Amino acid sequence: MKKIFVFLNISILLISCNATNTNSCHKIITFVNKTNKTIYVVGSGEYPNIEDYKYNSNPLNNSYDTKVSANEASKNVLPTSGNCHEAIYSNIKSGIMMVYVFDGSTLETQGWDYIKTNNLVLKRYDLTLKDLENMNWTITYDGK
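Keep in mind the model is a prediction, meaning the values are calculated, not measured. (Residues numbered from 1 in each chain as written. Predicted model: local features only at pLDDT ≥ 70, side-chain atom pairs only at ≥ 80, totals over all residues. Heavy atoms only, no water.)

Chemist: Which residues make up the side chain of Asp103, and what are the values?
Modeler: Looking at the secondary structure, you find Asp103 in strand E5 (residues 97-103). Look at Asp103: it is buried, it has no salt bridge, and the nearest opposite charge is Lys37 at 4.0 Å. Side-chain polar atoms of Asp103 contact the backbone nitrogen of Ser105, separated by 3.2 Å. Residues contacting Asp103, with those up to four places away along its chain left out, are Lys37, Thr38 and Leu122. (Helix = DSSP H or I, 4+ residues; strand = E, 2+ residues; numbered from the N terminus. Buried < 20%, exposed > 50% of the residue type's maximum accessible area, 1.4 Å probe, protein only. Lys, Arg positive; Asp, Glu negative; His and termini not counted. Salt bridge = Lys/Arg side-chain N within 4 Å of Asp/Glu carboxyl O. Polar contact = N/O pair within 3.5 Å; in protein donor to acceptor, adjacent residues only side chain to side chain. Contact = heavy atoms within 4.5 Å.)

Next comes the structure, spelled out in structure tokens:
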């Protein structure tokens, strides 16, 4: 009986972790890093407070959900905790999600406080739900 219980719990966990996109529910935003530098990505729904990222925890503490290696793509950033992005947007008053990009080397060597104190945001995207739909749920950072 105990083995069946463990098996069922593991099965449920694996099924629930399998995030996918459908026509009406998008749980994944692909983030493409077209630079030769590691970056970290953080999101916020508190527009127009453009410094809201400063209240986030250190992206290094959760690098699985924030780190995008050089010349790679990640489907792990901007996680939804099982919700659809469409549902998340319905709770964003401004209708704009800010996506911040930070230099990985600076973050890893100087620290999160240094980044915040010096406002070292490489890029900020201000995206509506329609923007993400038009971008086919893919954000591409090219270093510009």
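Chemist: I'd like to hear about the layout of surface pockets, residue by residue, with values.
Modeler: For the largest pocket, the calculated volume is near 420 Å³. Val42, Gly43, Asn56, Leu78 and Pro79 are the residues nearest the centre of the largest pocket, which is lined by 20 residues in total. Listing elements by their share of the lining of the largest pocket, those giving two or more residues are strand E2 (39-44), helix H2 (63-66) and helix H3 (85-90). For the lining of the largest pocket, the element with the most residues is E2, which contributes four residues. When its residues are assigned to classes, the lining of the largest pocket shows nine nonpolar, 10 polar and one charged. (1 Å grid on protein atoms, 1.4 Å probe; cavity = no way out; pocket = protein on both sides within 12 Å on 5 of 7 lines; lining within 4 Å. Points joined across faces, edges and corners; volume = space filled by probe spheres on them. Nonpolar A, V, L, I, M, F, W, Y, C, P; charged D, E, K, R; others polar.)

Chemist: Can you tell me about the sheet that holds strand E6 (residues 123-127), naming the residues and giving the values?
Modeler: The strand order across the open sheet formed by four strands is E3-E2-E5-E6, and the pairing between neighbours is antiparallel. With partners counted over all chains shown, the strands left at the sheet margins are strand E3 (67-68) and E6, one partner each. Direction of pairing for E5 relative to E6: antiparallel, over a ladder of five bridges. For Met97, the partnering residue across the bridge sits in E6 and is Leu127. (Pairing = 2+ DSSP bridges.)

Chemist: Explain the nonpolar core to me, using residue names and the numbers behind them.
Modeler: Of all hydrophobic cores here, the largest spans 18 residues; its most connected members are Phe31, Val41, Val99, Tyr125, Leu132 and Ile139. Only E2, E5, E6 and strand E7 (138-141) provide two or more residues apiece to this core. The greatest single-element share of this core, amounting to three residues, is contributed by E5. In terms of nonpolar packing, the next biggest core, distinct from the first, is built from nine residues, Tyr53, Met98, Tyr100 and Leu107 among them. (Core = buried A, V, L, I, M, F, W, Y, C linked by side-chain atoms within 4.5 Å.)

Chemist: Which residues make up the environment of Tyr47, and what values do they have?
Modeler: Here Tyr47 is to be found in the loop between E2 and H2. Among the residues examined, Tyr47 registers a relative accessible area of 30% and is labelled partly exposed. For the pair Tyr47 and Lys93, spaced 46 residues apart in sequence, the C-alpha separation works out to 8.4 Å. In contact with Tyr47, other than residues within four places in its own chain, are Ser94, Ile96, Met98, Arg124 and Asp126.

Chemist: An account of the pattern of salt bridges is needed here, citing residue identities and associated values.
Modeler: Inspection of the entire model under this criterion finds four salt bridges. Note that Asp113 and Lys116 form a salt bridge whose closest N and O atoms lie 3.6 Å from each other. Of this pair, Asp113 and Lys116 both sit in helix H5 (residues 112-117), three residues apart, which is roughly one turn of that helix. Accessibility expressed as a relative area gives 55% for Asp113, which makes it exposed. You can call Lys116 buried: its relative accessible area is 18%. As a salt-bridge pair, Glu133 and Lys130 come within 3.9 Å of each other at their nearest N and O atoms. Taken as a pair, Glu133 and Lys130 lie in helix H6 (residues 129-134) at a separation of three residues, close to a single helical turn.

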